[in-house]
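Survey of secondary and tertiary structure
Here is how the chains run, residue by residue.
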Amino acid sequence: MSATANYLLHLADNAVVLGQRNAEWCGHGPVIEEDIALANVSLDLIGQARLLYQQAAVALGGDTTEDKLAYFRDVPDFRNYTLLELPHRSALVGYAKSDMDYGTTIVRNFLYSALMVLVWEALQQSKDEQLAAIAAKSLKEVRYHLRHSRDWLIRLGDGTDESHARVQASLNHLMPYTEEFWTDSNIESAAVAAGVGVSVASLRAQWDALVDDALAEATLVRPQFEGYITQGKHGLHSEHLGFLLTEMQSLARAHPNATW
Amino acid sequence: MNTVVAPADAIQAAWAALEALADPEIPVVSLRELGILRDVRQGADGLEVVITPTYSGCPAMGQIEDDVYTTLQAVGLQAKVVTQLAPAWTTDWMTDIAKEKLRAYGIAPPGQHCAKGRETGESVLRFVRGAAEPEPAVPCPHCGSSHTVESSHFGSTACKALYKCLDCQEPFDYFKPY
C-alpha cells in the first residue's frame, strides 16, 4: 500500500468513527437543537470520510471502493485514534450499563476539533491535490465543530456545580488519550516524507494554546497524567471499536453488493 | 444527439436548460445562483457538467446529479456530471439576487465573513478567539430587526444555523457564511 493510501485511510477512519459515535445522539439529544447539531456534525464527518475513502480507493486501485473500505475492514485494519471510538461516558467496568453523557461527547469533539483545525489548515498545502482540496473543505466545517464544542465546554465547565464536576471528570478521562496524537506513526512519517501529510507533533504547541485558552475560560483544570499511550492509529484498539463497527457495518455485510 | 450538435451550441443549450434548475432543498434559488453549478464544458467523451458540493456531507448531491441528467435529457442532451472539490465552495459565490431570494423565502442570507478572513490571512486561531467578540447581527428576514439571537449553530440543514427574532418572535434559518 502506498504512503498516501495508508494516510488517507487514517484520516478517513478518524472521521467515520467519530461520525458514527456522534450519530448515536440522533433522536437522543438532551435538547432538540443539540440533537440536530450533532447530527449535522456527524453528517460533515461522514461526508469527509466519504471523500477520503474515495481517494484512498483510487490510490489503492483494483476493485476497492469507498463502501468496501468503510464496511468490509475489521478492527485491526482501522487506523483511527482510540479517543474517537470510546463510548459517551467515563470509564466503567466492562459489564456496567450507563446513560450516554453529553459532557463526554462535548469534550471529545472539542479535543479532536482543536486538532483538526490545525491539521486541515496544514494539509491545504499537501502535494496530493485531492487531499489539499478535501482539507480546504473540511477546514471550514471543523471550524464550526470547534466553535460548537468550545462554546458548550465553557457553558458546562463554567456552569453549575454538577455540570462543572461532570465535564471535569470527562476531561480527566479523555485527556490521556490525546497523547496518541503526538508520536508520528510509520504511516504518518511516510506521508510527511512524501510531502502528502503533516507532522502532527509539530502542531502540539498550537493545540496546547487552543486547549488551555478554552479550559481557562471554562474554569476547568488540565489533568496531569502518565502511563500507557494508546495505539489506535497502529490498529491496536480498545474493546469498544468492535461493537461500533458491528453496528455500523451490519447492514452492508448482511446485504453485500446491495444497491438502492 | 451530440454528434449532430456543434459542441459550442450544445454547451449553450445545456446552460440554457440548467439556468433555472432549482436547489432541491431550497427551491427558490437555482444551482447556478448558489454557486453549486460551476461549469459546462466539452470533455474528452462529450459534454461535462461540473458541480461542487456545499458541505462534504451534503445529502442533496445525489439528487442534484439526477436533476441535472433529467433536465438535460428533457432537451435531448447527454452529459457527464463531474464533481469538483477545488476551489472549495464558499457562500461568497452566492449572487446578490440569490441572497435577496433567500431573504424573501424566510432564510437570512450569509454575511461576508469568509472573504474577509481570506483576504487578511486571518488564521484559525484568531477565528476562534474572535468568536468571543460580538458577532455582526443577523437581521430577521421577516421584520428586518437586528434584535436577534442564535438558538443553535446548526439548523435544518448543514449549511444553516437557527436564529430567533426578539422583536417579531419568529424563528428563522440563517445561511451560515462558509
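Residues numbered from 1 in each chain as written. Chains lettered and ligands numbered in written order. Predicted model: local features only at pLDDT ≥ 70, side-chain atom pairs only at ≥ 80, totals over all residues.

1. Some details on the overall build of chain A
What counts, and what does not: Each helix is a run of H or I in the DSSP string that is no shorter than four residues. Each strand is a run of E no shorter than two, and both are numbered from the N terminus. Put simply, a residue is buried when 20 or more other C-beta atoms lie within 10 Å of its own C-beta and exposed when 12 or fewer do; between those, it is partly exposed, and each C-beta is set from the backbone. Throughout, a pair of residues is in contact if the C-beta atoms placed from their backbones lie within 7 Å.
For chain A, the count of helices and strands is 9 helices and 0 strands. Its helices and strands taken in sequence order, chain A reads α-α-α-α-α-α-α-α-α from the N to the C terminus. By principal-axis analysis of the C-alpha atoms, chain A measures approximately 55 × 40 × 35 Å. Out of the 260 residues in chain A, the part that is buried amounts to 49%. Within chain A, contacts between residues at least 6 apart in sequence are counted, and of these 75% link residues at least 24 apart.

2. Structural notes on the UniProt feature "domain: MIP18 family-like" (unreviewed entry) in chain B
In plain terms, the rule: UniProt positions are given in the numbering used here, feature names are shortened, and annotations may be inferred rather than shown by experiment.
Within this numbering scheme, the UniProt entry marks residues 12-77 of chain B as carrying the feature "domain: MIP18 family-like" (unreviewed entry). Taken end to end, residues 12-77 of chain B is 38% helix and 20% strand, and its two terminal C-alpha atoms sit 11 Å from one another.

3. Remarks on the interface of chain A and chain B
The condition that has to hold: As a working rule, the residues Ala, Val, Leu, Ile, Met, Phe, Trp, Tyr, Cys and Pro are called nonpolar, Asp, Glu, Lys and Arg charged, and the rest polar, with Gly in that last group.
Counting from both sides, the interface comprises 29 residues of chain A and, opposite them, 19 residues of chain B. Those elements that place two or more of their residues in the side of chain A that touches chain B are helix 2 (32-60), helix 4 (102-123), helix 5 (129-157) and helix 8 (204-217) of chain A. Considering every element that reaches the side of chain A that touches chain B, the biggest residue donor is helix 5 of chain A, with 14 residues. Considered class by class, the residues forming the side of chain A that touches chain B number 13 nonpolar, 7 polar and 9 charged.

4. Description of the domain arrangement of chain B
Spelled out, the test is: Each domain's extent was defined by an automatic or database domain assignment.
Here chain B is partitioned into domain 1 (7-83) and domain 2 (93-175). Facing 10 residues of domain 1 of chain B, the contacting portion of domain 2 of chain B comprises 11 residues.

5. Overview of the environment of Leu131(A)
Residues and elements named next belong to chain A. In this structure, Leu 131 sits in helix 5. Counting along the chain gives 66 residues from Leu 131 to Gly 197, while the straight-line C-alpha distance between them is 9.1 Å. Apart from the residues lying within four places of it in its own chain, the contact partners of Leu 131 are Leu 8, Gln 55, Leu 123, Ser 126 and Val 196.

6. Considering the environment of Lys137(A)
When you line up the elements, Lys137(A) lands in helix 5. Through-space distance from the C-alpha of Lys137(A) to that of Gln124(A) is 9.3 Å; in sequence the pair is 13 residues apart. Not counting the four nearest positions on each side in its chain, Lys137(A) is found in contact with Ser56(B), Leu85(B) and Ala88(B).

7. Considerations on unusual backbone geometry
Going from Ala86(B) to Pro87(B), the amide bond is cis rather than trans, its omega being -5°. Mapped onto the elements of the fold, Pro87(B) is located in the loop between strand 3 (79-83) and helix 4 (96-105). If you check the backbone angles, Asn257(A) has positive phi at about 70° while not being a glycine. Even without being a glycine, Gln169(B) presents a positive backbone phi close to 70°. Here Gln169(B) shows up in the loop between strand 6 (160-165) and strand 7 (171-175). You can call Gln169(B) exposed: it has 10 C-beta atoms within 10 Å.

8. What about helix 2 of chain A?
Residue and element names in this part refer to chain A. Our working definition: In this analysis, the expected span of each helix is defined as 1.5 Å times one less than the number of residues it contains.
The first and last C-alpha atoms of helix 2 sit 41 Å apart over 29 residues, in line with the 42 Å expected at 1.5 Å per residue. Counting buried positions along helix 2 gives 21 out of 29 residues, so the element sits mostly inside the fold. Positive backbone phi, at 70°, marks Gly 61, one or two positions downstream of helix 2.

9. Notes on the nonpolar core
Counted only if it meets this: Remark: nonpolar core denotes a set of buried Ala, Val, Leu, Ile, Met, Phe, Trp, Tyr and Cys residues whose joining runs through C-beta atoms within 7 Å.
Leu8(A), Ala12(A), Leu52(A), Ala56(A), Val119(A), Leu153(A) and Ala14(B) are the most contacted members of the largest nonpolar core, which totals 120 residues. The two domains that each donate at least three residues to this core are domain 1 (7-83) and domain 2 (93-175) of chain B.

10. Observations concerning the pairing of strand 3 of chain B
Walk down a regular strand and you will see the side chains alternate between the two sheet faces. Residue and element names in this part refer to chain B. Put simply, the rule reads: Only strands joined by at least two bridges in the DSSP assignment are considered to pair. Every crossover in which the path from the first strand over the helix to the second runs clockwise, viewed with the strands pointing away from the viewer, is termed right-handed.
In this sheet, strand 3 lies alongside strand 2 (residues 46-51) in parallel orientation, the contact comprising 5 bridges. Paired with Glu 48 across the strands is Lys 80, a residue of strand 3. A crossover connection joins strand 2 to the parallel strand 3 through helix 3 (residues 61-74); in handedness this β-α-β unit is right-handed.

11. Topic: the sheet that holds strand 1 (residues 37-43) of chain B
Residue and element names in this part refer to chain B. Just so we agree on the cut-off: For helices, the axis comes from a line fit to the C-alpha atoms of the stretch in contact; other axes are also lines fit to C-alpha atoms, and the angle between any two N-to-C directions lies between 0 and 180 degrees.
Read from one edge of the open sheet, 3 strands run 1-2-3, paired in mixed fashion. Of all the strands in the sheet, just strand 1 and strand 3 have a single pairing partner and so form its edges. Averaged over neighbouring strand pairs, the angle between their axes works out to 25° when direction is ignored. As defined by bridge partners, strand 1 adjoins strand 2 across 6 bridges and the pair is classed as antiparallel. Looking at the pairing, Asp 39 lines up with Val 50 of strand 2. Where helix 1 (residues 7-18) meets the sheet, its contacts fall on strand 1, strand 2 and strand 3, and the angle it forms with strand 1 comes to roughly 155°. The sheet strands contacting helix 3 are strand 2 and strand 3, and the helix crosses strand 3 at an angle near 155°.

12. Quick look at the sheet that holds strand 5 (residues 148-152) of chain B
All names here are of chain B. Overall, mixed pairing links the 4 strands, which are arranged 4-7-6-5 in an open sheet. The open sheet terminates on both sides in strands that have one partner only, identified here as strand 4 (107-108) and strand 5. Bridge analysis of strand 4 against strand 7 gives 2 bridges, and the strand direction is parallel. Looking across to strand 7, one finds that Ile 107 is bridged to Asp 173.

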